[in-house]
Amino acid sequence: MKDLIFNFVNQYAVWGIFLVVFLAAFLLWRMNRQLKRLNRNLAMITGKIQEYFDVIMEEEEQGEVRPMAREPRREDWEVTKEERDFLLSRKKEHSPEDEEVFNAVMQEYFS
C-alpha cells in the first residue's frame, strides 16, 4: 500500500505543482484586475469631489456671502477690514448648513 501511494505521488506530483502554480497565477491576475478597477473608480470619485469643491470655491470668489444676522456693534467698527474678513470667513467655515450640504454630497457619492 505504501508503495502504491508513493508511486501515485511520484507520478502526479509534477501535475499537482503545475496546478497549484497555475491557480496562484490566476488568482494574482484577478486581484490585479480588481485593484486596477478600484483605482480607476477612486480616481473618478476624487475627480468629482474636486469638481464639487471647485464649484464651491468659485461661488465664494464671486462674493456670495450671507448677510450678518445682526447689525454690527460699535466694537466691530474698530476692527480692521482684514480682521473682520478673517472672522467672517472663519464663521462661515463652521456653518452647520454647509456641513449638512457637504455630508449630503459625500453620502450621494459614496452610496
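Bear in mind that the values here come from a model prediction, so they are computed numbers and not experimental data.

**Student:** Help me understand a negative patch on the surface in this model?
**Tutor:** Residues Glu51, Asp54, Glu58, Glu59, Glu60 and Glu61 make up a contiguous surface patch of negative charge. By secondary structure assignment, the location of Glu51 is in helix H1 (residues 2–61).

**Student:** Even after reading the chapter, I still don't get a positive patch on the surface, so can you show me in this structure?
**Tutor:** Residues Arg30, Arg33, Lys36, Arg37 and Arg40 make up a contiguous surface patch of positive charge. Taking the relative accessible area as the measure of exposure, Arg37 reaches 39% and is therefore partly exposed.

**Student:** Just to check I follow, could you spell out H1 for this structure?
**Tutor:** Because an α-helix packs 3.6 residues into every turn, residues spaced three or four apart end up facing the same way. The end-to-end C-alpha separation of H1 is 84 Å, in line with the 88 Å expected for 60 residues at 1.5 Å each. By the largest-angle criterion, Tyr12 marks the main kink of H1, which is about 50°. Those residues of H1 not exposed but buried are Ile45, Ile49 and Tyr52.

About the thresholds
Residues numbered from 1 in each chain as written. Predicted model: local features only at pLDDT ≥ 70, side-chain atom pairs only at ≥ 80, totals over all residues. Heavy atoms only, no water. Patch = residues over 30% accessible without salt bridge, like charges linked within 9 Å, V, L, I, M, F, W, Y side chains within 5 Å. Areas by Shrake-Rupley, 256 points an atom, 1.4 Å probe, with all protein chains shown as cover. Salt bridge = Lys/Arg side-chain N within 4 Å of Asp/Glu carboxyl O. Lys, Arg positive; Asp, Glu negative; His and termini not counted. Charge placed at Lys NZ, Arg CZ, Asp CG, Glu CD. Helix = DSSP H or I, 4+ residues; strand = E, 2+ residues; numbered from the N terminus. Buried < 20%, exposed > 50% of the residue type's maximum accessible area, 1.4 Å probe, protein only. Expected span 1.5 Å × (residues − 1). Bend = angle between axes of the 7 residues up to and from the residue.

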